2 protein chains.
Amino acid sequence: MAITLYELVGRDDLRFSPYCWRTRFALAHKGLDFDTVPVRFADKQAIAFSGQERVPVICDGDRTVADSWSIACYLDEAYPDLPPLFASARERAMARFVNTWSDLQVNPRFILLVVRDVYDNIDERDREYFLESREKRFGTTLDALHAARDERLPEARAALDPVRAVLADQPYISGDEPGYADYILMGTCQWIRIVSPYRIVEPDDPVHEWRERMLGLFDGMAAEVAALGP
Amino acid sequence: MAITLYELVGRDDLRFSPYCWRTRFALAHKGLDFDTVPVRFADKQAIAFSGQERVPVICDGDRTVADSWSIACYLDEAYPDLPPLFASARERAMARFVNTWSDLQVNPRFILLVVRDVYDNIDERDREYFLESREKRFGTTLDALHAARDERLPEARAALDPVRAVLADQPYISGDEPGYADYILMGTCQWIRIVSPYRIVEPDDPVHEWRERMLGLFDGMAAEVAALGP
């Protein structure tokens, strides 16, 4: 029986959550089939069965697992004979670091650049909830953030400097082959690519070249979805 | 024959280079004996034989290797039967990410806080060279940087947030046991601890607790050297 992935959905069936993309890549890496159930931002009821309010959530037979990191760990435990996301405890520990680095030092910078694009591309029924919660969180209007994004772009790009530096020596963050550390950051890139025409890195940036490689993985899984961005 | 480590030295034989500490930890992890040769900042001649101007440099029989990262990779290649720094190519690739993250997003923030302390603790013969090169690099005086350090401290502490977050789940960046990812950041902590009385993290910070564990490794190798800091 296929795994069910509950994931965020916007207008026109756009699936843009960076955290849900981490899980999509993890499932593809393991070679596991999955069906998806779209969940709107404000529709907390749809995943209430999971005991918490955020996607991604997966259901695998009797098991329900929430949170992209917990899902990755679960998949390796439940399917040890499929290609490992983490071949050792140390690999998992260091991928955890990439995960928290992305959550705390990358995504918070990029959301400031594209939050109004997210707003523009969510389901109409979510707009009031989203606008109110985000303007409260950021202490300013989404329009003001949008207007300042060119000014903030260099700082966001600089947050990716450590990735740029490793990509000078190796094709993926995980080395010669892509791995969960790459899926983490690709979630961010895919999120931005789907909701925004904004160019966050130039075509000659090693991060862009890496992203192109990531778009091609798993028969172009990430490339084939509708996207507004370059 | 023991390996020779050429490392930075300040006044009163202080050995404070963060990059040389990475190598000290790597050598200790492998269980390799080493002798040290102190090198002053401005004494480029002492390591000219290595074909470049920066420490750490190691000599191991006929081999000379410069740069802490290259040295770590060399030690695993040359001594595959000793405890590995990187048990897989993927572990090495992700440690490389921690290395560039530390170089680009951690050390540049902390140097602003302690650069005058570094100046105060280098060999007198290096002071003119150091003052001129650093004031040029930072575009301001060391005294001005020193005066602004309380103001800059929150940003430097925030650079460590991803580490703080992983330490909530695991005792070391590398997981249950310390590894090269830990040695990288411990180099930074040890550098600051040796040259500066400034408290960069509070005693109840998980980073402080981790640092205390790191100070105890290898029979207290890092704890036993003279240090001005807490």
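Quick look at the environment of A:Pro230
Residue and element names in this part refer to chain A.
In step 1: Mapped onto the secondary structure, Pro230 falls in the segment after helix 9 (206–220).
In step 2: Take Pro230: there are 13 C-beta atoms within 10 Å of it, and that puts it in the partly exposed class.
In step 3: Along the primary structure Pro230 and Ile194 are separated by 36 residues, whereas in three dimensions their C-alpha atoms are 9.1 Å apart.

Some words on the relation of the copies chain B and chain A
In step 1: Of the transformation superimposing chain B on chain A, the axial component is 0.0 Å and the angular component is 180°, with the fit at an RMSD of 0.0 Å. Given the turn and translation reported, the copies of this chain are related as if by a two-fold rotation axis. Proximity to the rotation axis, assessed at the C-alpha, singles out B:Glu91 in chain B; its C-alpha lies 2.8 Å from the axis.
In step 2: A share of 100% of interface residues in chain B that are also interface residues in chain A marks the association as one of identical surfaces.

Thoughts on the domain arrangement of chain A
Many authors give the size of an interface as the accessible area that is lost as the parts come together.
Residue and element names in this part refer to chain A.
In step 1: As far as domains go, chain A holds domain 1 (3–78) and domain 2 (89–220).
In step 2: The centre of domain 1, based on its C-alpha atoms, is set 19 Å off from the matching centre of domain 2.
In step 3: Facing the 18 residues of domain 1 at the interface are 20 residues of domain 2.
In step 4: If you tally residues by element for the side of domain 1 that touches domain 2, the top one is helix 1 (residues 18–30), at 7 residues.
In step 5: Its residues assigned to classes, the side of domain 1 that touches domain 2 shows 13 nonpolar, 2 polar and 3 charged.

Brief notes about helix 8 (residues 180–195) of chain A
In step 1: In this model, helix 8 of chain A (16 residues) spans 23 Å end to end at C-alpha, consistent with the 22 Å of a helix rising 1.5 Å per residue.
In step 2: With 16 of 16 residues buried, helix 8 of chain A is to be regarded as a mostly interior element.

Some details on the pairing of strand 1 (residues 3–8) of chain A
Residues and elements named next belong to chain A.
In step 1: Most of strand 1 sits out of view: 5 of its 6 residues are buried.
In step 2: One ladder, built from 6 bridges, connects strand 1 with strand 2 (residues 34–39); its direction is parallel. Bridging from a neighbouring strand, Tyr6 pairs with Val37 of strand 2.
In step 3: Assessed by its sense of winding, the connection that carries the chain from strand 1 through helix 1 to strand 2 is right-handed.
In step 4: Relative to strand 3 (residues 57–60), strand 1 is paired through 3 bridges, and the arrangement is antiparallel. Among the inter-strand pairings, Thr4 is bridged to a residue of strand 3, identified as Cys59.

Focus on the sheet that holds strand 2 (residues 34–39) of chain B
All names here are of chain B.
In step 1: Spatially, the 4 strands line up as an open sheet ordered 2-1-3-4, and their pairing is mixed. Of all strands in the sheet, those with a lone pairing partner are strand 2 and strand 4 (63–66), marking the two edges. Geometrically, the sheet is characterised by an average inter-axis angle of 20° between neighbouring strands, direction not taken into account.
In step 2: Both strand 3 (residues 57–60) and strand 4 contribute to a ladder of 4 bridges, which runs antiparallel. Pairing of Cys59 across the sheet is with Thr64, part of strand 4.
In step 3: In the packing of helix 1 (residues 18–30) onto the sheet, contacts are made with strand 1 (3–8), strand 2 and strand 3, and the angle to strand 1 comes to roughly 155°.
In step 4: Its contacts with the sheet put helix 2 (residues 68–78) on strand 3 and strand 4, and the angle it makes with strand 4 is roughly 145°.

Quick look at the nonpolar core
A general trend in soluble globular proteins is that nonpolar side chains are found buried together.
In step 1: In terms of nonpolar packing, the biggest core is built from 127 residues, with A:Val98 and B:Val98 touching the most fellow members.
In step 2: Filtering out sequence-adjacent residues up to four positions away, A:Val98 remains in contact with A:Ile173, A:Ala181, A:Ile184, B:Met94 and B:Phe97.

Notes on the interface of chain B and chain A
In step 1: Taken together, the contacts link 27 residues of chain B with 27 residues of chain A.
In step 2: Elements supplying a minimum of two residues to the side of chain B that touches chain A: helix 3 (89–120) and helix 7 (161–167) of chain B.
In step 3: Ranked by residues supplied to the side of chain B that touches chain A, first place goes to helix 3 of chain B with 13 residues.
In step 4: Of the residues in the side of chain B that touches chain A, the class split is 14 nonpolar, 7 polar and 6 charged.

Points about helix 1 of chain A
All names here are of chain A.
In step 1: Helix length check: helix 1 (13 residues) gives 19 Å between terminal C-alpha atoms against 18 Å at 1.5 Å per residue, within 8%.
In step 2: In terms of residue burial, helix 1 counts as a mostly covered element, since 12 of its 13 residues are buried.
In step 3: Buried-residue contacts for helix 1 involve strand 1, strand 2, strand 3, helix 2 (68–78), helix 3 (89–120) and helix 8.
In step 4: Two residues or fewer after helix 1 comes Gly31, characterised by a positive phi angle close to 75°.

A word on the packing of helix 1 of chain A against helix 2 of chain A
Residues and elements named next belong to chain A.
In step 1: Interhelical geometry of helix 1 versus helix 2 gives an angle of 10° and a closest axis separation of 9 Å. Relative to helix 2, the element helix 1 is oriented roughly parallel. From helix 1, Tyr19, Arg22, Thr23, Ala26 and Lys30 reach across to helix 2, where they touch Ser68, Ile71, Ala72 and Leu75.
In step 2: Taken together, the residues of the contact of helix 1 with helix 2 break down into 5 nonpolar, 2 polar and 2 charged.

The rules behind the values
Residues numbered from 1 in each chain as written. Chains lettered and ligands numbered in written order. Predicted model: local features only at pLDDT ≥ 70, side-chain atom pairs only at ≥ 80, totals over all residues. Helix = DSSP H or I, 4+ residues; strand = E, 2+ residues; numbered from the N terminus. Buried ≥ 20, exposed ≤ 12 C-beta atoms within 10 Å, placed from the backbone. Least-squares fit on C-alpha atoms with pLDDT ≥ 70 in both. Contact = placed C-beta atoms within 7 Å. Domains from an automatic or database assignment. Nonpolar A, V, L, I, M, F, W, Y, C, P; charged D, E, K, R; others polar. Expected span 1.5 Å × (residues − 1). Pairing = 2+ DSSP bridges. Right-handed = clockwise from strand over helix to strand, strands pointing away. Axes fitted to C-alpha atoms, helices over the stretch in contact; angles between N-to-C directions. Core = buried A, V, L, I, M, F, W, Y, C linked by C-beta atoms within 7 Å. Parallel < 35°, antiparallel > 145°, perpendicular 65-115°, else oblique.

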